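Breakdown of the fold
Residue-level listing of the chains:
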Amino acid sequence: MVQVSNQLLWEVVKNNNCFMKKVNGRSRRSGTMRFSVEKNNLRSISSYKHSGIASTQAVGIASKNDSAVLYTKTASKCATTTAIAEIPLNKPFAKVVQTVEKTLSDNYYRRDLKNDALAKFSAVYQANRRAKGVKKVVPVKKGRA
Amino acid sequence: LTGEKPPPPPLPAVFEAPIRPDIVQFVHTNMNKNNRQAYAVSMKAGKQVSASSWGTGRAVARIPRVGGGGTSRSGQGAFGNMCRGGRMFAPTKTWRKWNRKINTTQKRYAVASALAASAVPALVMARGHKVDEVPEIPLVLDTSLESTKKTSAAKDILASVGALDDVEKAAASKQVRAGKGKMRNRRYTLRRGPLVIYNENDGVAQAFRNLPGVELCCVSRLNLLQLAPGGHMGRFCIWSQAAVEALDTIYGSEGKRIPSASMTNADLARLINSDEIQSVLKPAMCNDKKPLRKKNAIK
């Protein structure tokens, strides 16, 4: 594998990549929101800071088998299979918050994404609880699909 | 192929070539035009009438009109692009410039760049290939890959290496084309899968070619249109060992020149935070002053 700097990667990838979704308008001027569907993008926004592709360090939180999982990019250079480390987040909420903070902040791993990570985990956690039936699903008013 | 992993050989120098999406895009758009067949309207279309204008004073528009009589065609306007049955505006000609010349050095730069990009997992994933299960990029398989004879064997090889996801994605993406192309012998569209690159064809081409999305290429004849489809770099390439070794002879001191990067270290973050630069910088500006909110914005 070739080591390419993050900035260079972002310049190549920022205008077209398979994960990008543009919503509302077709150009930057007309107020498009550029979203990103990558796994390791915490806010799903297509930008250099949040990009999971154009960074050696990226964080992702997703739901797996009814519980949440934290993904971090390892320092592995070649392999794509060992490129991402998985940390299961099965513990009660407060404990998991500690885990996330330890893995990120205390390791100096993308401290700028700490709040985004906690927010995402919150959302995933609630979604899991609603799916399991532990928490009531938010009722959608009649007429709003 | 047998499942063993030999010690990884040193990466050929091409893979360190500068990644230049602008050059690749330029060369690609021009190379893409070289496959075109001419089309044009007949030279005589719309002109095979002897029509002349009636001039003024007859309460009709001055467009040339078909002479004679006895048929509904007589008196009708002719020759103009606005007339029914007239010649079109700017009739298309066969001598339009269909193909494009590109400087050889530029073509080689683009191929080197595209090869380098195919070695970066991030770019391959961003292009849309499913390479999560692939153990390593660039993916190099044993030379015995070149003597695969059966497509079933080819499929097994790809499966064992994690490349089958990409092939399956291509297979699943087969759709009838939107637009008139479907009636013009371009009925289906398909995503592109992996590009298998070999040194000598001992059956690889025949074995792999029927798998949807898979394309084959010989190292000595690398095609930019395959390495960077759509002008976008980062095709998922599967190399045979012999092909990778051949790269060092094709691109090197005796072969084609590998372009040099204008910046050897492109990592801006490291550069900015390095001691050499930080020691020479002025201290950071402190902008604590928050603009007060003016009660009366006019004064």
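A brief structural summary. Starting from 1, residues in each chain are numbered consecutively following that chain's sequence as written. Chains and ligands are labelled sequentially in the order written, the chains with letters from A and the ligands with numbers from 1. Totals for whole chains, interfaces and linings use every residue, but because this is a predicted model, local features are given only for residues with pLDDT of at least 70 and side-chain atom pairs only at 80 or more, for both listing and counting. Water and hydrogen atoms were dropped before computing side-chain values, which therefore reflect all heavy atoms in the structure.

Some details on the overall build of chain A
To keep it simple, the criterion reads: In DSSP terms, a helix is any run of H or I states spanning at least four residues, a strand is any run of E spanning at least two, and both are numbered starting from the N terminus. Note on definitions: a residue-residue contact is assigned when non-hydrogen atoms from the two residues lie within 4.5 Å. Here the accessible surface of atoms and residues is derived via Shrake-Rupley with a 1.4 Å probe, and residues count as covered only by protein chains that are part of the display. Here the positive residues are Lys and Arg and the negative ones are Asp and Glu; neither His nor the chain ends is included. To locate a charge, take atom NZ for lysine, CZ for arginine, CG for aspartate or CD for glutamate.
Along the backbone of chain A there are three helices and five strands. Shown N-terminal to C-terminal, the secondary structure of chain A runs as helices and strands in the order α-β-β-β-β-β-α-α. Seen through its C-alpha atoms, chain A measures out along the principal axes to roughly 45 × 40 × 25 Å. By sequence separation, contacts in chain A at least 24 residues apart represent 35% of the contacts at least 6 residues apart. When the accessible surface of chain A is summed, it comes to about 8,800 Å², and 53% of that surface belongs to carbon and sulfur atoms. Side chains of chain A give 28 positive and 8 negative charges; the mean places of these two sets differ by 8 Å.

What about the sheet that holds strand E3 (residues 59-64) of chain A?
All names here are of chain A. Rule in force here: Criterion used throughout: strands pair if DSSP finds at least two bridges between them. Fitted lines through C-alpha atoms serve as axes, helices being fitted only where they are in contact, and the angles separating the N-to-C directions of these axes extend from 0 to 180 degrees.
Pairing is antiparallel across the open sheet formed by three strands, whose spatial order is E3-E4-E5. Only two strands of the sheet have a single partner each, and these edge strands are E3 and strand E5 (84-89). Across this sheet, the average inter-strand angle for adjacent strands is 25°, counted without regard to direction. For E3 and strand E4 (residues 67-73), the ladder comprises six bridges, and the chain directions are antiparallel. Following the sheet pairing, Ile61 is matched in E4 by Leu70. The sheet strands contacting helix H3 (residues 114-132) are E3, E4 and E5, and the helix crosses E3 at an angle near 5°.

Remarks on the interface of chain A and chain B
Going by this rule: Buried area is a sum: the accessible area each of two parts loses on coming together, probed at 1.4 Å, counted once for each and added. Within this document, salt bridges are pairs made up of a side-chain nitrogen of Lys or Arg and a carboxyl oxygen of Asp or Glu, the two lying within 4 Å of each other. Whenever a nitrogen or oxygen atom comes within 3.5 Å of another N or O atom, the pair is scored as a polar contact, on the condition that within protein one atom can donate a hydrogen and the other can accept it, and that pairs from neighbouring residues in sequence are kept only if both atoms are in side chains.
Contact with chain A, which involves 18 residues of that partner, is made by 28 residues of chain B. The junction of chain A with chain B conceals about 1,800 Å² of combined surface from both sides, 69% of it contributed by carbon and sulfur atoms. At the boundary of chain A and chain B, one finds zero salt bridges. Put simply, chain A and chain B have two residue pairs in polar contact (both at pLDDT 80 or more) between them.

Let's talk about unusual backbone geometry
Our working rule: Only protein chains enter the area calculation, which uses a 1.4 Å probe; residues under 20% of their type maximum are buried, those over 50% are exposed, and those in between are partly exposed.
Residues Ile137 of chain B and Pro138 of chain B are joined by a peptide bond in cis, for which omega reads 5°. Tracing the backbone shows Pro138 of chain B in the loop between helix H3 (121-127) and strand E3 (139-141). The phi torsion at Asn65 of chain A lies on the positive side, around 50°, for a residue other than glycine. Note that Asn65 of chain A resides in the loop between E3 and E4. What makes Asn65 of chain A exposed here is its relative accessible area of 72%.

That's the geometry; what it means functionally is another story.
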